[in-house]
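# Summary of the model geometry
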Amino acid sequence: MKFEKFSIYIMSKKNTSKHDKAYMKMAREWGNLSYCKRKKVGALIVKERRIISDGYNGTPSGFENVCEDEEGNTKWHVLHAEANAISKVAASTQNSEGATLYVTLSPCKECSKLIYQAGIKRVVYYEAYKDTTGLDFLKKAGVIVEQITETDE
Ligand SMILES: [Zn+2]
């Protein structure tokens with residue numbers, strides 16, 4: 001009985017990572033669509049094996065697609081990829097309760113609040129952001145946080 005449960009766990013674990021890699025690969029492609037020069041970040045929100053939202057960092061709809069000012073600093077009104085993906089869900093008939101967020105850069109503290117508040121239960125990231133305050137907050141809030149460092153090419 002115990003063994004049976006264990007093998008089921010291994011199987012689901014294996015399946016998950018195959019899909020995780022595929023979703024992360026897509027999130028990275030999405031990040032490439034960003035107009036921002038300093039950092040290109042992509043995000044996907046997946047619920048019950050369906051992509052319910054996507055986003056990349058950029059200016060709000062209707063604003064000029066330029067993320068950096070003359071000094072090369074990111075403009076304050078640039079939305080992060082996660083924030084864009086979450087607001088897209090908010091504007092739809094979907095909800096992100098219990099969903100997984102795939103993001104190519106680990107979330108900042110501002111986005112972490114949104115992620116938690118949006119009911120997202122799991123965050124999978126690719127590259128670690130220098131400030132881990134966001135990740136620490138998510139872990140503390142009971143959100144599962146995982147890093148994927150390879151995607152099948
Ligand atoms: Zn952020």
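In the block above lies the structure referred to throughout.
Residues numbered from 1 in each chain as written. Predicted model: local features only at pLDDT ≥ 70, side-chain atom pairs only at ≥ 80, totals over all residues.

### Description of unusual backbone geometry
Of note in the backbone geometry, Glu48 takes a positive phi value of approximately 45 degrees without being a glycine. In this structure, Glu48 sits in the loop between strand S1 (42-47) and strand S2 (50-56). Of note in the backbone geometry, Arg49 takes a positive phi value of approximately 60 degrees without being a glycine. For Arg49, the position within the fold is in the loop between S1 and S2. In this structure Arg49 comes out as exposed when scored by C-beta crowding, with 8 C-beta atoms within 10 Å. (Helix = DSSP H or I, 4+ residues; strand = E, 2+ residues; numbered from the N terminus. Buried ≥ 20, exposed ≤ 12 C-beta atoms within 10 Å, placed from the backbone.)

### A short note on the sheet that holds strand S3 (residues 100-105)
Spatially, S2-S1-S3-S4-S5 is the arrangement adopted by the five strands of the open sheet, whose pairing is mixed. Two strands bound the open sheet, and with one partner strand each, they are S2 and strand S5 (144-147). For this sheet, the mean inter-axis angle between neighbouring strands, taken without regard to orientation, is 20 degrees. The sheet contact formed by strand S4 (residues 122-127) and S5 spans four bridges and is parallel. Note that in S5 the partner of Tyr125 across the bridge is Gln147. (Pairing = 2+ DSSP bridges. Axes fitted to C-alpha atoms, helices over the stretch in contact; angles between N-to-C directions.)

### Regarding the pairing of S2
Consecutive side chains of a regular strand alternate in pointing toward one face of the sheet and then the other. Bridge count between S1 and S2: six bridges; the pairing is antiparallel. Across the sheet, residue Leu44 finds its bridge partner in S2, namely Asp54. Turn length for the S1-S2 hairpin, with the two strands adjacent in sequence and antiparallel, is two residues, and the turn residue Glu48 shows positive phi of about 45 degrees.

### Some thoughts on the packing of helix H2 (residues 81-90) against helix H3 (residues 109-117)
Between H2 and H3, the shortest axis-to-axis distance is 9 Å and the interhelical angle comes to 25 degrees. One finds that H2 runs roughly parallel with respect to H3. In the crossing of H2 with H3, the sense of the turn from one axis to the other is left-handed. For the pair H2 and H3, contact is made by Glu82, Ala83 and Ile86 and by Cys111, Leu114 and Ile115, respectively. Among the residues making up the contact of H2 with H3, the classes are represented as five nonpolar, no polar and one charged. (Parallel < 35°, antiparallel > 145°, perpendicular 65-115°, else oblique. Left-handed = near helix turned anticlockwise from the far one by under 90°. Contact = placed C-beta atoms within 7 Å. Nonpolar A, V, L, I, M, F, W, Y, C, P; charged D, E, K, R; others polar.)

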